[in-house]
Amino acid sequence: MKPTLILVNPSNPYRKGFTLRRESRQVPLGLGLVAALTPQTWKVVLIDENIKPFRFRPGDLVAITAFTSTAARAYEIASIYRNRGIPVVMGGIHASIKPYEALQYVDAVVVGEAESIWKQVVEDFEAGKLQKIYYASPADLSSMPQPRHEIFHPSYLFASIQTSRGCPMDCDFCSVPAFNGHGYRLRPVEAIWDEIASVPHQLLYFVDDNIVGYNEKARAHAYELFEGMIRRNLRKEWFAQASLNIARDAELLKLAARSGCKMLLIGVEAETEDSLRDANKRLNIKMGVDNYSRAFRAIHKAGIAVLGAFIYGMDSDTPESLRKRTQYILRSSVDVVQASAMTPLPGTRLYERMRLENRLLPTKLPLDYQHFHFTDVVFCPAKMDAQTLSEEMNRAYASICSMNQIRMKFLRTWWNTRSLRTAIWAWNSNLNYRAVALEKPSIAINTDLS
Ligand code: SF4
């Protein structure tokens, strides 16, 4: 009989977030990759709490992943297996940043991208000599295997596809460079087309941090990718993250739209240069805040909706400036709004700064990690108290996520993009964010102790 590898995707019991609605669930793509890297002499079983609550499944080895917000739950599930004598290996972004913390709850940790090291982990387990820490090197994407999408539950509406990794930028709040590095690596387009053709989903999410990259090579890769999707008649609709400078390339936007692009998530972060400087968002400073609306117009012209991501709680923010941010959002032509509380994720420069300045609020770790989901306030802001920031978050959600606002945005998106289909995409995405905002109000954690 084949040995069994149990893959576990934990979900945050405190806040369901994007797993609340089927329309916003995202597959645990990294586990699909681990499944593909596992020798065929193994049987692979996925336990996915995005879909169903945890139920123990017997196995020989467990591989568990976690974001910071799901780390406490991952440790809880790990202990269930370890209590039965089944070894647990943890990977993913949180364990990679905090391997020694994770080792208090699991048997082994994979630090970094699994591709270069997973085979050795399995061989060591088979030989009875599992090590405590495995340091992986950044993967060569030209030999990256296709993730095993068939292990994911069929109710996922979107297939997730990766076309690149890494980011040369250095935004204060972002953990991508710490995990994937500053080198921007591209995956061969043929492999991406084949993967897209192999999934039955009509809807795709390109999980890249920036689908168009930061240099000419990356731009040429995006051109080739979109042209090939059209030539191969892949007939998918998709969304992705992109930097604001995509708005300067009308040809690329047109091509993206023809290949099925309906929405681009743009890290706008803030509408003032001071706040952008706080976050070290260099690209937006270079583009100029006064050029935002022109950029949104260019994206709309291609028939694509703008999902604008904004942050509340940067060091120069005051309650008054946050209300102005909300007003800006309401008046702007951004179609879908992601409004997040500034969150110092482990591994970021922001986290280190907050730690050194004694501004982190969590006192009960790892349990308090469940509040690192970008809605609660987990640090002391510079120009207001934590409680005030959470009240401002709730005030912002009440106006941004009201049904009146969402209905108005639907009509405006339809008008601006001249595409009913794009407006429907934006409508659905706004309902996703509304569900997240309505699930629970934002709170400032442990403020009685601060
Ligand atoms: S926020 Fe985006 S641009 Fe900034 S470091 Fe992260 S991935 Fe790069």
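Residues numbered from 1 in each chain as written. Predicted model: local features only at pLDDT ≥ 70, side-chain atom pairs only at ≥ 80, totals over all residues.

## Some details on the overall build of the protein chain
The number of helices and strands found in the protein chain is 17 helices and 14 strands. The globule rule puts the C-alpha radius of gyration for 450 residues at 22 Å, and the 22 Å found for the protein chain is close to it. The principal-axis extent of the C-alpha atoms belonging to the protein chain is close to 60 × 60 × 35 Å. The long-range fraction of contacts in the protein chain, counting pairs at least 24 apart against all pairs at least 6 apart in sequence, stands at 76%. (Helix = DSSP H or I, 4+ residues; strand = E, 2+ residues; numbered from the N terminus. Rg over C-alpha atoms; globule rule 2.2 N^0.38 Å. Contact = placed C-beta atoms within 7 Å.)

## Notes on helix H9 (residues 250–258)
Every buried residue of H9 is listed here: Leu253, Leu255 and Ala256. All buried residues of H9 fall inside an arc of 165 degrees around its axis, so they share one side. On the buried face of H9, the contacting elements are helix H8 (216–231), strand E12 (261–269) and helix H12 (292–301). Taken from the residues just after H9, glycine 260 is the one with a positive phi, measuring 115 degrees. (Buried ≥ 20, exposed ≤ 12 C-beta atoms within 10 Å, placed from the backbone. Arc of directions from axis to C-beta.)

## Focus: the domain arrangement of the protein chain
One widely used convention gives an interface's size as the accessible area the parts lose upon coming together. Along its sequence, the protein chain is carved into domain 1 (4–135) and domain 2 (157–439). At the interface, 24 residues of domain 1 touch 24 residues of domain 2. Mapped by element, the contributors of at least two residues to the side of domain 1 that touches domain 2 are helix H2 (71–83) and helix H3 (93–97). When its residues are assigned to classes, the side of domain 1 that touches domain 2 shows 10 nonpolar, 8 polar and 6 charged. (Domains from an automatic or database assignment. Nonpolar A, V, L, I, M, F, W, Y, C, P; charged D, E, K, R; others polar.)

## Considering the sheet that holds strand E14 (residues 336–341)
Spatially, 6 strands are ordered E7-E10-E11-E12-E13-E14 in an open sheet, and the strand pairing comes out parallel. With one partner strand each, in any of the chains shown, strand E7 (158–161) and E14 form the two edges of the open sheet. Each strand of the sheet is rotated relative to its neighbour by a mean of 20 degrees, with strand direction disregarded. Bridge count for strand E13 (residues 305–312) against E14 is 6 bridges, and the pairing is parallel. Residue pairing for E14: alanine 309 is matched across the bridge by glutamine 338. (Pairing = 2+ DSSP bridges. Axes fitted to C-alpha atoms, helices over the stretch in contact; angles between N-to-C directions.)

## Quick look at the sheet that holds strand E3 (residues 61–65)
Reading across from one edge, E2-E1-E3-E4-E5-E6 is the order of the 6 strands in this open sheet, with parallel pairing throughout. The outermost strands of the open sheet, each flanked by one partner alone, are strand E2 (43–48) and strand E6 (133–135). Strand-to-strand, the axes of this sheet are offset by a mean angle of 20 degrees, without reference to chain direction. Across 6 bridges, strand E1 (residues 4–9) lies against E2 in parallel orientation. Counted as the bridge partner of leucine 7 is leucine 46 from E2. Against the sheet, helix H1 (residues 29–37) makes contact with E1, E2 and E3, and its axis sits at roughly 170 degrees relative to E1, the strand it touches most.

## Considering the environment of serine 429
In this fold, serine 429 is placed in helix H17 (residues 420–439). By C-beta crowding, serine 429 is classed as buried, having 24 other C-beta atoms within 10 Å. Filtering out sequence-adjacent residues up to four positions away, serine 429 remains in contact with Met263, Leu307 and Val336.

## Details of the site of the ligand
In the vicinity of the ligand, the contacting residues are Cys167, Met169, Asp170, Cys171, Cys174, Val176, Pro177, Asp209 and Gly267. A class-by-class count of the residues in the shell around the ligand yields 6 nonpolar, 1 polar and 2 charged. (Near = placed C-beta within 6 Å.)

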